[in-house]
Amino acid sequence: VTYHPVDSAVGDDRLVSITAHDITEQREMLEEVKRLASTDYLTGAHNRRHFMSRAETELDRLTRYGGELYLMMLDIDHFKNINDSYGHNVGDVVLKEMVKCCTDILRTSDVFGRLGGEEFAALLVHGSVESAIQVAERLRKAIEDMEVRTGRHVVKFTVSIGLTMVCANEDIEVALKHADKCLYQAKEQGRNRVVSYCVKES
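Definitions and limits used
The numbering scheme is per chain: residues are counted from 1 as the chain's sequence reads. Only residues with pLDDT of 70 or above have their local features reported here, since the model is predicted, and side-chain atom pairs are shown and tallied only from 80 upward, although totals for entire chains, interfaces and linings are computed over all residues. Side-chain measures were taken over the full set of non-hydrogen atoms in the model, leaving aside hydrogen atoms and water. Secondary structure elements follow DSSP: runs of H or I of four or more residues count as helices, runs of E of two or more count as strands, with numbering from the N terminus. Here, nonpolar core refers to any group of buried Ala, Val, Leu, Ile, Met, Phe, Trp, Tyr and Cys residues whose side-chain atoms link them within 4.5 Å. Buried, partly exposed and exposed residues are distinguished by accessible area as a fraction of the type maximum, computed with a 1.4 Å probe on protein chains only: under 20%, between the cut-offs, and over 50%, respectively. Note on contacts: a residue pair qualifies if any of its non-hydrogen atoms lie within 4.5 Å across the two residues. Here, a salt bridge means any Lys or Arg side-chain nitrogen found within 4 Å of an Asp or Glu carboxyl oxygen. Being paired, for any two strands, means DSSP has found at least two bridges between them.

### A word on unusual backbone geometry
Phase 1: Unlike most non-glycine residues, H78 shows phi in positive territory, near 55°.
Phase 2: The topology assignment puts H78 in the loop between β1 (69–76) and α3 (79–86).

### Concerning the nonpolar core
Proteins that are soluble and globular tend to have nonpolar side chains buried together.
Phase 1: Counting 33 residues, the largest nonpolar core has L74 and M98 as its most contacted members.
Phase 2: Elements that contribute at least two residues to this core include exactly β1, α3, α4 (88–105), β3 (119–125), α5 (129–145) and β6 (159–166).
Phase 3: The leading source of residues in this core is α4, at 7 residues.
Phase 4: Not counting the four nearest positions on each side in its chain, M98 is found in contact with L74, I76, F120, I143, M146, F157 and V159.
Phase 5: Within the second largest apolar cluster, 19 residues are counted, among which are M52, L59, V111 and A121.

### Side note on the pattern of salt bridges
Phase 1: Scanning the entire structure with this criterion turns up 12 salt bridges.
Phase 2: With a closest N to O distance of 2.7 Å, D84 and K80 form a salt bridge. Highlighted residues: D84 and K80, both in helix α3, separated by 4 residues, approximately one helical turn.
Phase 3: For D84, a relative accessible area of 52% corresponds to the exposed category.

### What about the pairing of β1?
Phase 1: Extensive coverage of β1 is indicated by the burial of 8 of its 8 residues.
Phase 2: On β1, burial covers both faces: L69, L71, M73 and D75 on one face and Y70, M72, L74 and I76 on the other are all buried.
Phase 3: Note: β1 against β3, 7 bridges, orientation antiparallel. By the bridge assignment, L74 is partnered in β3 with F120.

Encoded structure:
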């Protein structure tokens, strides 16, 4: 094997350019892998695992530095009827359009994710009780006013929302349980509404 050293400035520049390109490409591929691992494949929202990881981070920040943190759970009302009436393809479009609506309304500091099926959750960071209720009502109303058009179908739907305050040192699974109880009450009270501050079990 004969070694031919690169002895021209042009050769050095080309080598640096190729190396930089390779590093950039590898970095982009790594970021894409991370994005896919943390994203729900259908809707583009955070998946459950990534949402829970972010929730733990926000809860740790709350415990260390104080402030207020609110957890909102929302569920599409009668989603099974949408799938049964229009087909799962239309149901998928409904999910994607709802996520787009939510991400448009929520702030970039908030954390939004799909927990499974038609159930989603949002952590409202750096807010107050008043602002948390306003955000939840704004979401509910925006979704109620939506019209999802797909082919010859126009689909309208609503969501029920449960909202609770997350306490410092509280397990995030416990907070989800409280928010889910509020969500259940919203369903029981007729759907298309926000229920907050349900009594927390000791």
